[in-house]
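Observations on the model geometry
One letter stands for each residue in the lines below.
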Amino acid sequence: MTRITKILCMAWMMALGLVLAANAQNKPLRIEITEGIIEPLPFAAPLFVAENAAAQEYAAKLTQVVTADLVGSGLFREIPAAAHISKVSNFNAPVQFSEWKAINAQALITGAVSVTSDNRMVVKFRLFDVVAQAPLGKGLQFVASTDSWRRMSHKVADAVYVRLTGEPSGYFDSRVVYIAEEGPKNARKKRLALMDYDGANVRYLTNSNDIVLAPRFSPNAREIIYTSYETGEPRVFLMNVDTLSRRVLDSEPGMTFAPRFSPDGRYVVMSLTNRGNTDIYRFDVARGSKTRLTNSPAIETAPSYSPDGNQIVFESDRGGGQQLYVMSANGGSAKRISFGSGSYGTPVWSPRGDMIAFTKITKGRFHIGVMRVDGSQEKLLAGSFLDEGPTWSPNGRVIMFFRETPGANGAPSLFSVDVTGRNLRKINTPTFASDPAWSRLLE
Amino acid sequence: MNFKKTGAIIACLLALSACGDNPFGRQDQNGGGTGTGVNIASNPSSVAYFQQTVGDRVLFVVNQSSLTSEGIETLNGQANWLLQYTENTVTIEGHADEQGTREYNLALGARRASAVQNYLVSRGVADNRIKTITFGKERPIEICSEESCWSRNRRAVTVVVGGLNS
């Protein structure tokens, strides 16, 4: 993968003599997403300017993906090109703010792309506060090979998202690993699959000979851990995403599953079943040694690290039903945090550290929910016959999960929902899909 | 809930004759007939006899791994058969219905398989002749989303994997 270089073009902006309007400093254009939005912020993203002939084919695609990212977040509304009065044919020409204001655009995104003879692409963009008639932040440019054009689009959209929301980061330049499913319900074929967060660029990493389950990325997204029946019984495997080489993580006897990396990538926590009893172990990836973290006759599984690496949330039926517990990353005593009716599973600690997402089963229905790390402020975001397996977007604002329909033809698909409970969306995949796991922002 | 239960019972009654038929025409991977009267093996040492006459599976209550009295009866038969035909080894496959989360169901299936293993060992079958594996909710044999199907998917199947007659 080509590493995208990011260049801040401060000098370039200054040379253009753009001046901040006085009131832009006092009241920056900002959409507050913690308070709950009633109306998405309207923006215009006129077709990016192709600065040479080779850039023609990319200009429309870049504009389209940037727009799709922003609209898909549910926070922004596109004012379609048909309504535009101004056309932007020169990236450096002065912006006709009155013409954008007339169509009620509050934010304006302009961009330009050029492609060099060695298939390198330069993408530039600027964001403007139409009401304040001022740029929002500096212009940015990204340089990469042309086959990374989608990532460049996502980077532009991430930058716009950060500036307009005030969030510390976006989530568009990211990937999802999931299980692609095909065939009848009682003979389902499963493959490990990788895609961009929006469902583009699907790539299959295994064939369908063996059942594969519940993959997770390493912190740098270069490796994937998952459960496979390749050896005949469920076993945790570690795969390199680039070479597709794979190995059993722990070769000692016993069934292993439910693996997740520690935030520093040094450890994998996972369940190991010995004579019917399932406990959580920490496996040192480099040394190959393991430490037992829970020790009870109950089912202990689905561990997930806090982002600082100090704690682990997991599920256990030690109290009778399936509930959520938090313990030190070194094991020991655990504190129960879920107390509502029904059972709770698949806890996932938010990358921000403040919340835990989970699957809740109550009254014959499955829900995706979030709670504070102390178990307070439980909120259900989605529910159906079977909603399972939440995973957090890199910035902790969005949750992806899978929804399976009931009955003989029942099958799973991927969905995402904002942590506020709004903007439930289906992610289109070429096959049935389950067990999504979101990467961090790509490097 | 009441309506749902009634619906499930009616569905089960209607489906009684169809229940054993796999809608996709696929034999359960273990040959799994439960005695439909066809091809009952007459040779008591055969795997087919074990599957069809002794009974190769036991069923469980929702979220439970304790053996039912019916299950114990089946396992007594399995133990007797294994004690008689000592050249056979078995793998016990634990399964769950679709009503739980994936990873919990893997652990639950393992618990069910282990419950069967422990019982067979308590009846004198050598521990090293028995291997266990869990499939969680990955391999249902019935595919409807009703209790009539779920009750048959919550199972532990004893698969004869080795021996002169396999």
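Every value quoted in this text rests on a predicted model; they were computed, and no experiment measured them.

1. Some remarks on the overall build of chain A
What chain A contains, in helices and strands, is five helices and 32 strands. Over its C-alpha trace chain A gives a radius of gyration of 24 Å, about what one expects of a compact globule, namely 22 Å for 443 residues. By principal-axis analysis of the C-alpha atoms, chain A measures approximately 75 × 45 × 45 Å. Buried positions account for 60% of the 443 residues belonging to chain A. Sequence separation of at least 24 residues holds for 47% of the intrachain contacts in chain A that already meet a minimum separation of 6. Looking at chain A as shown, the accessible area adds up to about 17,700 Å², and 49% of this sits on carbon and sulfur atoms. Across chain A, the 50 positively charged side chains and the 41 negatively charged ones have centroids separated by 1 Å.

2. Considerations on the confidence of the model for chain B
Residue and element names in this part refer to chain B. For chain B, per-residue confidence averages 82 on the pLDDT scale, and residues scoring 70 or more make up 73% of the total. In this model, residues 1-37 is a region of pLDDT below 50 whose contacts with residues beyond four sequence positions or in other chains number 30 contacts. Model confidence for the complex is summarised by a pTM of 0.88, with the ipTM given as 0.91.

3. Topic: the sheet that holds strand β13 (residues 223-228) of chain A
Residues and elements named next belong to chain A. The sheet built from four strands is open, its strands ordered β12-β13-β14-β15 with antiparallel pairing. Only two strands of the sheet have a single partner each, and these edge strands are β12 (212-217) and β15 (246-248). If you compare each strand with its neighbour and ignore which way they point, the axes differ by 25 degrees on average. Bridge count between β12 and β13: four bridges; the pairing is antiparallel. What sits directly across from phenylalanine 217, in β13, is isoleucine 224.

4. With respect to the side chain of A:Thr359
Residue and element names in this part refer to chain A. Tracing the backbone shows threonine 359 in strand β25 (residues 355-362). When its relative accessible area of 0% is taken as the criterion, threonine 359 is described as buried. A polar contact of 3.2 Å, which involves the side chain of threonine 359, links it to the backbone nitrogen of glycine 389.

5. What to know about the packing of helix α2 (residues 47-55) of chain B against helix α3 (residues 69-84) of chain B
Residues and elements named next belong to chain B. As a packed pair, α2 and α3 sit with axes 9 Å apart at the nearest point and diverge in direction by 145 degrees. Read as a crossing pair, α2 and α3 show a hand that is right-handed. On α3, the residues that touch Tyr49, Phe50, Val54 and Gly55 of α2 are Thr74, Gly77, Gln78 and Trp81. Residues that form the contact of α2 with α3 fall into these classes: four nonpolar, four polar and no charged.

6. Things to note about the interface of chain A and chain B
The interface of chain A with chain B comprises 43 residues on the first partner and 33 residues on the second. At the boundary of chain A and chain B, one finds eight salt bridges. In this structure, A:Arg260 engages B:Glu103 in a salt bridge whose closest nitrogen and oxygen atoms are separated by 2.8 Å. Between the two partners, chain A and chain B, sit 17 residue pairs in polar contact (both at pLDDT 80 or more). Breaking the side of chain A that touches chain B down by element, the ones donating at least two residues are β12, β16 (255-261), β20 (300-305), β25 and β32 (432-438) of chain A. Here the side of chain A that touches chain B gets four residues from one element, more than from any other, and that element is β16(A). Class assignment for the residues of the side of chain A that touches chain B results in 21 nonpolar, eleven polar and eleven charged.

7. What to know about unusual backbone geometry
Glycine aside, residues mostly have negative phi angles, and peptide bonds mostly take the trans form. Phi at A:Thr346 is positive, roughly 45 degrees, even though this residue is not glycine. Position of A:Thr346 relative to the elements: it lies in strand β24 (residues 343-349).

8. Quick look at the nonpolar core
Counting residues in each nonpolar core, the largest one holds 55 residues, and the members touching the most others are A:Leu70, A:Phe76, A:Ile109, A:Phe125 and A:Leu164. Considering each element in turn, this core owes the most residues, eight residues, to helix α5 (residues 149-165) of chain A. Discounting residues that sit within four places of it in the chain, A:Ile109 has contacts with A:Phe43, A:Ala44, A:Ala45, A:Pro46, A:Phe48, A:Leu70, A:Phe125, A:Arg126, A:Leu127 and A:Val160. Counting residues in hydrophobic clusters, the runner-up holds 20 residues, among them B:Val47, B:Phe50, B:Phe60 and B:Tyr85.

Analysis parameters
Residues numbered from 1 in each chain as written. Chains lettered and ligands numbered in written order. Predicted model: local features only at pLDDT ≥ 70, side-chain atom pairs only at ≥ 80, totals over all residues. Heavy atoms only, no water. Helix = DSSP H or I, 4+ residues; strand = E, 2+ residues; numbered from the N terminus. Rg over C-alpha atoms; globule rule 2.2 N^0.38 Å. Buried < 20%, exposed > 50% of the residue type's maximum accessible area, 1.4 Å probe, protein only. Contact = heavy atoms within 4.5 Å. Areas by Shrake-Rupley, 256 points an atom, 1.4 Å probe, with all protein chains shown as cover. Lys, Arg positive; Asp, Glu negative; His and termini not counted. Charge placed at Lys NZ, Arg CZ, Asp CG, Glu CD. pLDDT = per-residue confidence, 0-100. Pairing = 2+ DSSP bridges. Axes fitted to C-alpha atoms, helices over the stretch in contact; angles between N-to-C directions. Polar contact = N/O pair within 3.5 Å; in protein donor to acceptor, adjacent residues only side chain to side chain. Left-handed = near helix turned anticlockwise from the far one by under 90°. Nonpolar A, V, L, I, M, F, W, Y, C, P; charged D, E, K, R; others polar. Salt bridge = Lys/Arg side-chain N within 4 Å of Asp/Glu carboxyl O. Core = buried A, V, L, I, M, F, W, Y, C linked by side-chain atoms within 4.5 Å.

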